[in-house]
Every structure is written in structure tokens, then in C-alpha cells.
Amino acid sequence: MPLELPALPYDRTALEPHLSGETLDQHHGHHQRALLERTNALIAGTDLDDAPLEAIVRKAQGELFDCAAQAWNNAFYWHSLRPSAAGGGAPSGALAEAITQQFGDVATLRSRFNTVALRHFGAGWVWVVQRPDGRLGIAATANAATPLTGEDTPLLAVSLWEHASYLDYRDNRQRYLDAFWQLVSWDSVAARLR
């Protein structure tokens, strides 16, 4: 059964004014769809033909990995965000405690995360991850690379691919990051803690 483009967890304009419906149309409706279509073409007739996307990412290499991992990363990204009326804010509970223990406070986490994102050259991702020992960390991955294939548990991601921000922010990555923090779904991040 071919992989299908998952619906966004909100309306295409729900992230406005921070991310436009046009950006979501391009990023989700065009780029993510194309990645899944290419993944389907590459797995057709193989032992991965009926595998879920996460399993494909964990087993794939080369072009198949690039397409499948990027599609998985994008789906994860959409679920890291929530409509601007409900996004942003501050984490609570065990997540807030873990952030305080590792970074001191959310402002420091955000500052360090932004520094990594601003220094990252080219396309990729910046992640908040939970290490195997339970500590939180920040990781950058290039292109389609993902913590899913390692020991860290991804908790939060921001896309640094041009199509994630160019229509709304051109080449101003700082403004894009400022918008991103207004949309973070801390409840989704907390639900991913181990």
C-alpha cells in the first residue's frame, strides 16, 4: 500500500500570521508530497513496499533514505507546531523541569537553539532531543539526516530548508525562528519525553 501524504493537524492557514497558507501549500502540499511520491516509487516491489515510513527511514540508504527521512522529518515538524492562537507559551510539568535542569530556563534553550540554527549552513534541521540518559540536548542535522536513526529521541524540530521560510521571510532566518517559537506545541514536545 503506497504511503500517503498525511493531512496537516490544522487548517493550512492556522499558523498565520507566522507561517502563511502559501508556505504550507508549498512545503506540505508540494515538497512533502513529492518526497512521498518518490519514496513510493523507490520502494515499489521491494520488501519495504508495505512498511510504515518510520521503518523505511530506519532501513533505507542513499536516495531512498533522503526522500523517506525528509518526508518523516516534515511530518514531525508539522506536529511540533500548533495554531498561533494556541502555540508558543511555555512548557510545564516534566518538560519544564527537564529544560530547567539542562538549560536553566526556556529563554536559554531558545537562545542556544537559535544560535545552532543561525550557524547551520544550508538545508537541514535543528532538534531538541532527549539523550538515552534522559538529558536534553540540541542537535543539528544536514539535509535529510534525522535523530530517528540514532539513539536520541527527537522532541522538537525546526526545518531549515528554504521552502519552510522563504516565501514569508526570504533569507531572514532570525525572523523565521522568532515566528517558529510563537507556534511551538509544548504539549506535543512533552508527549514525546521518555
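Residues numbered from 1 in each chain as written. Predicted model: local features only at pLDDT ≥ 70, side-chain atom pairs only at ≥ 80, totals over all residues. Heavy atoms only, no water.

Where do I start with the environment of Phe113 in this structure?
Take Phe113: it is sitting in helix 5 (residues 106-119). A relative accessible area of 0% places Phe113 in the buried class. Along the chain, Phe113 and Asp133 lie 20 residues apart, while their C-alpha atoms are 20 Å from each other. What Phe113 contacts, discounting residues up to four positions off in sequence, is Val126, Trp127, Val128, Ile138, Val158, Phe180 and Trp181. (Helix = DSSP H or I, 4+ residues; strand = E, 2+ residues; numbered from the N terminus. Buried < 20%, exposed > 50% of the residue type's maximum accessible area, 1.4 Å probe, protein only. Contact = heavy atoms within 4.5 Å.)

I'm lost on the pattern of salt bridges in this one. Help?
Opposite charge on two side chains allows them to pair when their charged atoms are near. Summed over the entire model, instances satisfying the criterion amount to 7 salt bridges. For Arg82, the salt bridge is made with Asp187, and the minimal N-O distance between the two is 3.3 Å. Pair noted here: Arg82 is in the loop between helix 3 (62-78) and helix 4 (93-103) and Asp187 is in helix 8 (residues 186-191), with a separation of 105 residues, a long-range link. When its relative accessible area of 54% is taken as the criterion, Asp187 is described as exposed. Here Asp178 ties to Arg110 by a salt bridge, and the two come within 3.8 Å at their closest N and O atoms. Of the two residues, Asp178 is situated in helix 7 (residues 173-181) and Arg110 in helix 5; the sequence distance between them amounts to 68 residues. On the basis of relative accessibility, which here comes to 32%, the residue Asp178 falls in the partly exposed class. (Salt bridge = Lys/Arg side-chain N within 4 Å of Asp/Glu carboxyl O.)

Help me understand helix 5, please; the structure alone is not making it clear to me.
Side chains that are three or four residues apart share a direction in an α-helix, a result of its 3.6 residues per turn. The end-to-end C-alpha separation of helix 5 is 20 Å, in line with the 20 Å expected for 14 residues at 1.5 Å each. Looking at the buried side of helix 5, the elements it contacts are helix 4, strand 1 (124-130), strand 2 (136-142), strand 3 (153-159), helix 7 and helix 8. Capping the start of helix 5 is the job of one residue whose side-chain oxygen sits 3.3 Å from the backbone nitrogen of Ala107: Asp105. (Expected span 1.5 Å × (residues − 1). Polar contact = N/O pair within 3.5 Å; in protein donor to acceptor, adjacent residues only side chain to side chain.)

Honestly, the side chain of Asn114 in this entry has me stumped. Any pointers?
Relative to the helices and strands, Asn114 resides in helix 5. Aside from chain neighbours lying at most four places away, what touches Asn114 is Gln174, Leu177 and Trp181.

How do you make sense of the side chain of Thr153 when you look at a structure like this?
Relative to the helices and strands, Thr153 is located in strand 3. The exposure class assigned to Thr153 is buried, which follows from its relative accessible area of 18%. A distance of 2.8 Å separates polar atoms of two side chains, one belonging to Thr153 and the other to Arg194. Beyond its immediate chain neighbours, meaning those up to four positions away, Thr153 contacts Val128, Val129, Gln130, Arg192 and Arg194.

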